[in-house]
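The primary structure of each chain is shown beneath.
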Amino acid sequence: QVRLVESGGGLVQAGGSLRLSCQASGSIFSIVSMGWYRQAPGKQRELVAGITTGGTTNYADSVKGRFTISRDNAKNTVYLQMNSLKPEDTAVYYCNGALVLRFGDRLTAYWGQGTQVTVSS
């Protein structure tokens, strides 16, 4: 069974930092890309940052220059370093992985359970 398990959320004051981690486990042939999404109350889930196996990254405009995504391919783990946090960053953050479970299978998206990030003003 494939699982994506997040950790590192919490409560922080504005201007502070947090680091999120997400590890994929189970029988996985290939991880094409991993990323972080977030969903604030009453809002749609939005992409925060993504990274491919080769290291290509993309970021939402709202987090550019403040957040950094990285991954450890050997550990099937993706990280999100969040600096200069703002109250508007408050949301549940979800890890996403675009995975191929067996050779020849199609790409499938998997999600973690989410971790709460709360930034107080």
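Some points on the overall build of the chain
Consideration 1: The secondary structure content of the chain amounts to 0 helices and 11 strands.
Consideration 2: Listed N to C, the secondary structure of the chain is β-β-β-β-β-β-β-β-β-β-β in terms of helices and strands.
Consideration 3: In terms of overall size, the chain behaves like a compact globule, its C-alpha atoms giving a radius of gyration of 14 Å where 121 residues would be expected to give roughly 14 Å.
Consideration 4: The buried share among the 121 residues of the chain stands at 40%.
Consideration 5: A distance of 3 Å separates the average location of the 12 positive side-chain charges in the chain from that of its 7 negative side-chain charges.

Notes on the nonpolar core
Consideration 1: Membership of the largest hydrophobic core comes to 29 residues, with the highest contact counts inside it found for W36, V48, F67, V78, L80, M82 and Y93.
Consideration 2: Those elements that place two or more of their residues in this core are strand 3 (18–25), strand 4 (30–39), strand 5 (46–52), strand 7 (67–72), strand 8 (77–82), strand 9 (91–100) and strand 11 (115–120).
Consideration 3: Setting aside residues up to four positions removed in sequence, M82 forms contacts with G16, S17, L18, L20, R66, F67, Y93 and V117.

With respect to the sheet that holds strand 8
Consideration 1: The antiparallel open sheet is built from 4 strands, whose spatial order is 1-3-8-7. Every interior strand has two partners, whereas the edge strands, strand 1 (3–7) and strand 7, have only one. Neighbouring strand axes in the sheet, compared pairwise and without regard to direction, differ in orientation by 15 degrees on average.

Observations regarding unusual backbone geometry
Consideration 1: In this structure, N76 takes a positive phi of about 50 degrees despite not being glycine.
Consideration 2: Within the chain, S84 stands out as a residue other than glycine whose phi angle is a positive 50 degrees.
Consideration 3: Structurally, the position occupied by S84 is in the loop between strand 8 and strand 9.

Examining the side chain of D89
Consideration 1: By the secondary structure assignment, D89 is in the loop between strand 8 and strand 9.
Consideration 2: You can call D89 buried: its relative accessible area is 1%.
Consideration 3: Here the side chain of D89 touches R38 through a polar contact of 3.0 Å, side chain to side chain.
Consideration 4: Only 2.8 Å separates the side chain of D89 from the backbone nitrogen of K86, close enough to count as a polar contact.
Consideration 5: In contact with D89, not counting residues within four places along its chain, are R38, R66, F67, S84, V117 and V119.

What counts as what
Residues numbered from 1 in each chain as written. Predicted model: local features only at pLDDT ≥ 70, side-chain atom pairs only at ≥ 80, totals over all residues. Heavy atoms only, no water. Helix = DSSP H or I, 4+ residues; strand = E, 2+ residues; numbered from the N terminus. Rg over C-alpha atoms; globule rule 2.2 N^0.38 Å. Buried < 20%, exposed > 50% of the residue type's maximum accessible area, 1.4 Å probe, protein only. Lys, Arg positive; Asp, Glu negative; His and termini not counted. Charge placed at Lys NZ, Arg CZ, Asp CG, Glu CD. Core = buried A, V, L, I, M, F, W, Y, C linked by side-chain atoms within 4.5 Å. Contact = heavy atoms within 4.5 Å. Pairing = 2+ DSSP bridges. Axes fitted to C-alpha atoms, helices over the stretch in contact; angles between N-to-C directions. Polar contact = N/O pair within 3.5 Å; in protein donor to acceptor, adjacent residues only side chain to side chain.

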